[in-house]
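# Architecture at a glance
Each chain, letter by letter, is given below.
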Amino acid sequence: MDDLLYRGIIIRQSNYGEAHRMLSVFTETDGIIKAVRYGVRGKKASNAAAFQVLSYGDFRLRPSRGGVMTAVSADIIDGFYPVCEDIVKLALVNYFADITYSILGEANPDRRILSLFLNIVYAAAYRSEPLSKLKCAYELKLMCAGGYMPDTRGCAECGGAPRYFSPDRGCLVCAEHRRRGDIAVSAGAVSVMRYLVRCPDKKMLSFNAADEGIYSETSAAAERYVSAQADREFRSLEYFKAVSAM
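Residues numbered from 1 in each chain as written. Predicted model: local features only at pLDDT ≥ 70, side-chain atom pairs only at ≥ 80, totals over all residues. Heavy atoms only, no water.

Reading around the circumference, E1-E2-E3-E5-E4 is the order of the five strands in this closed barrel, with mixed pairing throughout. Within the sheet, the average angular offset between the axes of one strand and its neighbour, ignoring direction, is 50°. Sheet contacts for helix H2 (residues 87–104): strand E1 (4–16), strand E2 (20–27) and strand E3 (31–37); angle to E1, the most-contacted strand, approximately 115°. In the packing of helix H3 (residues 111–126) onto the sheet, the strands contacted are E1, E2, strand E4 (56–62) and strand E5 (69–78), and the crossing angle to E1 comes to about 65°. (Pairing = 2+ DSSP bridges. Helix = DSSP H or I, 4+ residues; strand = E, 2+ residues; numbered from the N terminus. Axes fitted to C-alpha atoms, helices over the stretch in contact; angles between N-to-C directions. Contact = heavy atoms within 4.5 Å.)

Let us now look at the side chain of aspartate 58. Inspection of the secondary structure puts aspartate 58 in strand E4. Of the polar contacts made by the side chain of aspartate 58, one reaches the side chain of arginine 7; its length is 2.8 Å. If sequence neighbours within four positions are ignored, aspartate 58 has contacts with Leu5, Tyr6, Arg7, Ser73, Ala74 and Asp75. (Polar contact = N/O pair within 3.5 Å; in protein donor to acceptor, adjacent residues only side chain to side chain.)

So, on to the sheet that holds strand E7 (residues 171–173). With antiparallel pairing, the three strands of this open sheet are ordered in space as E7-E6-E8. The strands lining the two open edges of the sheet, one partner per strand, are E7 and strand E8 (183–184). Sheet topology note: the strand E6 (residues 164–166)/E7 ladder contains three bridges and is antiparallel. When the sheet's bridge partners are listed, serine 166 is paired in E7 with cysteine 171.

On to the environment of alanine 228, then. Structurally, alanine 228 is set in helix H6 (residues 212–230). With relative accessibility at 28%, the residue alanine 228 sits in the partly exposed group. Alanine 228 sits 58 residues away from glycine 170 along the chain, and the two C-alpha atoms are 9.0 Å apart. When near neighbours in sequence (up to four residues on either side) are disregarded, alanine 228 contacts Pro167 and Asp168. (Buried < 20%, exposed > 50% of the residue type's maximum accessible area, 1.4 Å probe, protein only.)

Going through the model one piece at a time under the given rule, you end up with zero disulfides. Here cysteine 155 stays unpaired: no disulfide links it, and the sulfur of cysteine 174, its closest cysteine neighbor, is 3.6 Å away. Judged by its relative accessible area of 8%, cysteine 174 falls in the buried class. (Disulfide = S-S within 2.5 Å.)

Here the focus is the packing of aromatic side chains. Under the defined criterion, the tally for this structure stands at 10 aromatic pairs. Each ring, one from phenylalanine 165 and one from tyrosine 225, has its centre 5.5 Å from the other, and the planes form 80°; the classification is edge-to-face. Separated by 60 residues along the polypeptide, phenylalanine 165 in strand E6 and tyrosine 225 in helix H6 bring together distant segments of the chain. Each of the two residues, phenylalanine 165 as well as tyrosine 225, counts as buried. Their ring planes at 80° and their centres at 5.9 Å tell us that phenylalanine 207 and tyrosine 215 sit as a pair that is edge-to-face. Here phenylalanine 207 and tyrosine 215 have matching classes, each one buried. Within the aromatic cluster, the residues linked to one another by ring pairs are Tyr95, Phe96, Phe117, Tyr138 and Phe234. The ring of tyrosine 101 is capped by arginine 12, whose NZ or CZ atom sits 4.0 Å from the centre of that ring. In this structure, lysine 133 packs its charged tip against the face of phenylalanine 207, placed 4.9 Å from the ring centre. (Phe/Tyr/Trp six-rings, centres within 6.5 Å; stacked < 30°, edge-to-face > 60°. Lys NZ or Arg CZ within 6 Å of the ring centre and 35° of its normal.)

On to H2, then. One turn of an α-helix holds 3.6 residues; hence residues three or four places apart share an orientation. The terminal C-alpha atoms of H2 lie 25 Å apart, and with 18 residues this matches the ideal 26 Å at 1.5 Å per residue to within 8%. Buried residues dominate H2, accounting for 14 of its 18 residues. For H2, the side-chain oxygen to backbone nitrogen distance between the N-cap and valine 88 is 3.0 Å, and the N-cap itself is aspartate 86. Positive phi appears at glycine 105, one or two residues downstream of H2, with a value of about 75°. (Expected span 1.5 Å × (residues − 1).)

Attention now goes to the packing of helix H4 (residues 131–145) against H6. Helix packing for two helices is described by the angle between their axes and how far apart those axes are. Contact pair H4 / H6: the axes reach a minimum separation of 8 Å and the direction vectors enclose 35°. Crossing hand, H4 versus H6: left-handed. Counted together, Ser132, Lys133, Lys135, Cys136, Glu139, Leu140 and Met143 of H4 and Glu212, Tyr215, Ser216, Thr218, Ser219, Ala222, Glu223, Tyr225, Val226 and Gln229 of H6 form the full contact between these two elements. (Left-handed = near helix turned anticlockwise from the far one by under 90°.)

Following this line, the structure appears as C-alpha coordinates:
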(Lines give C-alpha, C1' and ligand atoms only; values in the text may rest on other atoms or scores of the structure.)
Protein backbone atom coordinates (compact mmCIF):
# COMPACT_ATOMS: atom_id res chain seq x y z
CA MET A 1 0.00 0.00 0.00
CA ASP A 2 1.13 3.54 -0.69
CA ASP A 3 2.19 5.79 2.18
CA LEU A 4 -0.19 8.56 3.19
CA LEU A 5 0.75 12.02 4.46
CA TYR A 6 -1.07 13.44 7.48
CA ARG A 7 -0.66 16.70 9.34
CA GLY A 8 -1.39 16.23 13.03
CA ILE A 9 -0.17 16.03 16.61
CA ILE A 10 0.66 12.98 18.69
CA ILE A 11 -1.68 13.09 21.69
CA ARG A 12 -0.92 9.69 23.21
CA GLN A 13 1.95 7.24 23.26
CA SER A 14 2.59 3.88 24.87
CA ASN A 15 5.34 1.28 24.71
CA TYR A 16 4.70 -1.58 22.32
CA GLY A 17 6.85 -4.68 22.40
CA GLU A 18 10.52 -4.38 23.33
CA ALA A 19 11.48 -1.40 21.20
CA HIS A 20 8.36 0.00 19.55
CA ARG A 21 5.90 2.76 20.36
CA MET A 22 2.16 2.92 19.75
CA LEU A 23 1.02 6.43 18.81
CA SER A 24 -2.36 8.17 18.67
CA VAL A 25 -2.12 10.96 16.10
CA PHE A 26 -4.84 13.63 15.98
CA THR A 27 -4.92 14.47 12.27
CA GLU A 28 -6.66 17.20 10.31
CA THR A 29 -8.33 14.90 7.82
CA ASP A 30 -9.04 11.62 9.64
CA GLY A 31 -9.35 12.56 13.29
CA ILE A 32 -7.47 10.43 15.83
CA ILE A 33 -5.73 7.45 14.25
CA LYS A 34 -3.29 4.86 15.58
CA ALA A 35 0.17 4.18 14.21
CA VAL A 36 3.20 2.15 15.32
CA ARG A 37 6.74 3.46 15.09
CA TYR A 38 8.91 0.35 15.01
CA GLY A 39 12.28 0.34 16.75
CA VAL A 40 11.92 3.88 18.08
CA ARG A 41 13.02 2.84 21.58
CA GLY A 42 16.01 0.86 20.39
CA LYS A 43 19.63 1.92 20.88
CA LYS A 44 20.09 2.61 17.17
CA ALA A 45 16.83 4.52 16.73
CA SER A 46 17.02 7.69 14.69
CA ASN A 47 14.70 10.69 14.88
CA ALA A 48 13.10 9.31 18.08
CA ALA A 49 12.13 12.80 19.27
CA ALA A 50 9.82 13.18 16.28
CA PHE A 51 7.70 10.27 17.46
CA GLN A 52 6.81 11.33 20.98
CA VAL A 53 3.77 12.92 22.56
CA LEU A 54 3.02 16.51 21.41
CA SER A 55 5.10 16.26 18.25
CA TYR A 56 3.20 18.30 15.67
CA GLY A 57 3.93 18.13 11.97
CA ASP A 58 3.57 16.05 8.84
CA PHE A 59 3.58 12.28 9.37
CA ARG A 60 4.06 9.73 6.61
CA LEU A 61 2.01 6.68 7.57
CA ARG A 62 1.67 3.34 5.84
CA PRO A 63 -1.73 1.62 5.98
CA SER A 64 -2.04 -2.04 6.96
CA ARG A 65 -4.79 -4.62 6.86
CA GLY A 66 -4.95 -4.69 10.65
CA GLY A 67 -6.09 -1.07 10.83
CA VAL A 68 -3.08 0.22 12.75
CA MET A 69 -0.75 2.18 10.50
CA THR A 70 3.03 2.20 10.46
CA ALA A 71 4.76 5.51 11.12
CA VAL A 72 7.38 5.81 8.39
CA SER A 73 8.74 9.34 8.81
CA ALA A 74 7.93 12.73 10.30
CA ASP A 75 8.66 16.36 9.50
CA ILE A 76 8.10 18.17 12.80
CA ILE A 77 6.84 21.75 12.94
CA ASP A 78 6.79 22.08 16.74
CA GLY A 79 7.47 19.74 19.64
CA PHE A 80 6.08 22.08 22.33
CA TYR A 81 9.16 21.30 24.42
CA PRO A 82 8.38 23.76 27.27
CA VAL A 83 5.39 21.53 28.06
CA CYS A 84 7.33 18.29 27.77
CA GLU A 85 9.99 19.63 30.14
CA ASP A 86 7.51 20.68 32.86
CA ILE A 87 5.89 17.77 34.72
CA VAL A 88 2.84 19.79 35.80
CA LYS A 89 2.15 21.25 32.37
CA LEU A 90 2.66 17.86 30.75
CA ALA A 91 0.23 16.27 33.21
CA LEU A 92 -2.37 18.92 32.39
CA VAL A 93 -1.97 18.47 28.64
CA ASN A 94 -2.21 14.69 29.03
CA TYR A 95 -5.54 15.30 30.77
CA PHE A 96 -6.61 17.51 27.85
CA ALA A 97 -5.68 14.67 25.49
CA ASP A 98 -7.70 12.18 27.55
CA ILE A 99 -10.88 14.23 27.58
CA THR A 100 -10.46 15.01 23.89
CA TYR A 101 -10.16 11.30 23.13
CA SER A 102 -13.19 10.55 25.30
CA ILE A 103 -15.42 13.18 23.68
CA LEU A 104 -14.27 12.67 20.08
CA GLY A 105 -13.29 9.00 19.80
CA GLU A 106 -11.20 7.62 16.94
CA ALA A 107 -11.48 8.32 13.22
CA ASN A 108 -13.87 11.26 13.64
CA PRO A 109 -12.40 14.30 11.86
CA ASP A 110 -13.04 17.56 13.70
CA ARG A 111 -10.90 20.52 12.71
CA ARG A 112 -12.51 22.73 15.35
CA ILE A 113 -11.51 20.46 18.22
CA LEU A 114 -8.05 19.97 16.72
CA SER A 115 -7.62 23.74 16.53
CA LEU A 116 -8.74 24.12 20.15
CA PHE A 117 -6.28 21.45 21.24
CA LEU A 118 -3.37 22.97 19.34
CA ASN A 119 -4.15 26.42 20.68
CA ILE A 120 -4.28 25.28 24.30
CA VAL A 121 -1.03 23.31 23.94
CA TYR A 122 0.60 26.39 22.39
CA ALA A 123 -0.65 28.51 25.29
CA ALA A 124 0.69 26.03 27.84
CA ALA A 125 4.07 26.08 26.12
CA TYR A 126 4.54 29.72 25.25
CA ARG A 127 2.14 31.92 27.21
CA SER A 128 2.27 32.93 30.87
CA GLU A 129 -1.24 32.00 31.95
CA PRO A 130 -2.44 30.35 35.18
CA LEU A 131 -2.90 26.65 34.53
CA SER A 132 -6.32 26.80 36.16
CA LYS A 133 -7.32 29.34 33.51
CA LEU A 134 -6.09 27.09 30.70
CA LYS A 135 -7.89 24.15 32.27
CA CYS A 136 -11.34 25.69 32.64
CA ALA A 137 -11.08 27.33 29.20
CA TYR A 138 -10.29 24.08 27.41
CA GLU A 139 -12.77 21.98 29.34
CA LEU A 140 -15.70 24.26 28.54
CA LYS A 141 -14.72 25.03 24.94
CA LEU A 142 -14.19 21.32 24.25
CA MET A 143 -17.63 20.53 25.62
CA CYS A 144 -19.19 23.21 23.46
CA ALA A 145 -17.37 21.97 20.36
CA GLY A 146 -18.33 18.38 21.17
CA GLY A 147 -22.05 19.18 21.32
CA TYR A 148 -22.40 19.56 25.09
CA MET A 149 -22.79 23.31 25.47
CA PRO A 150 -24.02 24.07 29.01
CA ASP A 151 -26.93 26.43 29.60
CA THR A 152 -25.47 29.47 31.36
CA ARG A 153 -28.24 32.03 30.82
CA GLY A 154 -29.81 31.86 34.28
CA CYS A 155 -31.59 29.31 36.41
CA ALA A 156 -32.75 26.66 33.93
CA GLU A 157 -35.90 26.09 35.98
CA CYS A 158 -37.16 29.60 36.66
CA GLY A 159 -34.74 32.04 35.03
CA GLY A 160 -33.68 33.41 38.41
CA ALA A 161 -30.21 34.37 39.59
CA PRO A 162 -27.89 31.35 39.33
CA ARG A 163 -26.12 30.15 42.45
CA TYR A 164 -25.22 26.58 41.48
CA PHE A 165 -24.02 24.61 38.49
CA SER A 166 -25.51 21.19 37.81
CA PRO A 167 -22.97 18.85 36.13
CA ASP A 168 -25.62 16.22 35.40
CA ARG A 169 -28.10 18.63 33.85
CA GLY A 170 -25.51 20.93 32.26
CA CYS A 171 -27.06 24.15 33.49
CA LEU A 172 -27.05 26.87 36.11
CA VAL A 173 -29.75 26.85 38.78
CA CYS A 174 -30.88 29.04 41.65
CA ALA A 175 -30.80 28.02 45.32
CA GLU A 176 -34.42 26.89 45.23
CA HIS A 177 -33.91 24.51 42.32
CA ARG A 178 -30.54 23.02 43.27
CA ARG A 179 -30.23 19.25 43.55
CA ARG A 180 -27.83 16.96 45.31
CA GLY A 181 -24.44 17.10 43.61
CA ASP A 182 -24.87 20.61 42.24
CA ILE A 183 -21.87 22.91 42.76
CA ALA A 184 -22.01 26.36 44.31
CA VAL A 185 -20.61 29.00 41.94
CA SER A 186 -19.85 32.66 42.56
CA ALA A 187 -20.88 35.51 40.29
CA GLY A 188 -17.29 35.63 39.04
CA ALA A 189 -17.32 31.97 38.04
CA VAL A 190 -20.68 32.41 36.32
CA SER A 191 -19.23 35.31 34.31
CA VAL A 192 -16.26 33.19 33.22
CA MET A 193 -18.53 30.32 32.21
CA ARG A 194 -20.77 32.63 30.22
CA TYR A 195 -17.79 34.16 28.45
CA LEU A 196 -16.31 30.80 27.48
CA VAL A 197 -19.60 29.43 26.21
CA ARG A 198 -20.26 32.45 24.01
CA CYS A 199 -16.83 33.65 22.85
CA PRO A 200 -15.21 32.75 19.50
CA ASP A 201 -12.77 29.86 19.87
CA LYS A 202 -9.78 32.06 19.04
CA LYS A 203 -10.70 34.31 21.98
CA MET A 204 -10.98 31.56 24.59
CA LEU A 205 -8.12 32.98 26.65
CA SER A 206 -8.97 36.66 26.12
CA PHE A 207 -10.47 37.15 29.56
CA ASN A 208 -9.23 37.88 33.05
CA ALA A 209 -10.77 37.18 36.44
CA ALA A 210 -10.37 39.31 39.54
CA ASP A 211 -8.26 36.58 41.14
CA GLU A 212 -7.01 33.11 40.29
CA GLY A 213 -9.46 31.58 42.74
CA ILE A 214 -12.23 32.23 40.21
CA TYR A 215 -10.35 30.18 37.61
CA SER A 216 -10.01 27.33 40.09
CA GLU A 217 -13.69 27.55 41.00
CA THR A 218 -14.75 27.50 37.36
CA SER A 219 -12.33 24.66 36.69
CA ALA A 220 -13.80 22.57 39.51
CA ALA A 221 -17.28 22.91 38.01
CA ALA A 222 -16.04 22.30 34.46
CA GLU A 223 -14.16 19.10 35.32
CA ARG A 224 -17.25 17.72 37.01
CA TYR A 225 -19.27 18.56 33.91
CA VAL A 226 -16.79 16.78 31.62
CA SER A 227 -16.82 13.73 33.88
CA ALA A 228 -20.62 13.63 34.09
CA GLN A 229 -21.14 13.92 30.34
CA ALA A 230 -18.35 11.48 29.49
CA ASP A 231 -19.69 9.14 32.20
CA ARG A 232 -16.23 8.36 33.54
CA GLU A 233 -13.46 9.56 35.81
CA PHE A 234 -10.04 10.50 34.42
CA ARG A 235 -6.93 9.16 36.10
CA SER A 236 -4.90 11.78 34.25
CA LEU A 237 -6.85 14.46 36.15
CA GLU A 238 -5.99 12.87 39.48
CA TYR A 239 -2.34 12.70 38.43
CA PHE A 240 -2.37 16.36 37.43
CA LYS A 241 -3.79 17.30 40.82
CA ALA A 242 -1.18 15.17 42.59
CA VAL A 243 1.82 16.68 40.79
CA SER A 244 0.35 20.20 41.13
CA ALA A 245 0.29 19.74 44.91
CA MET A 246 3.95 18.66 45.13
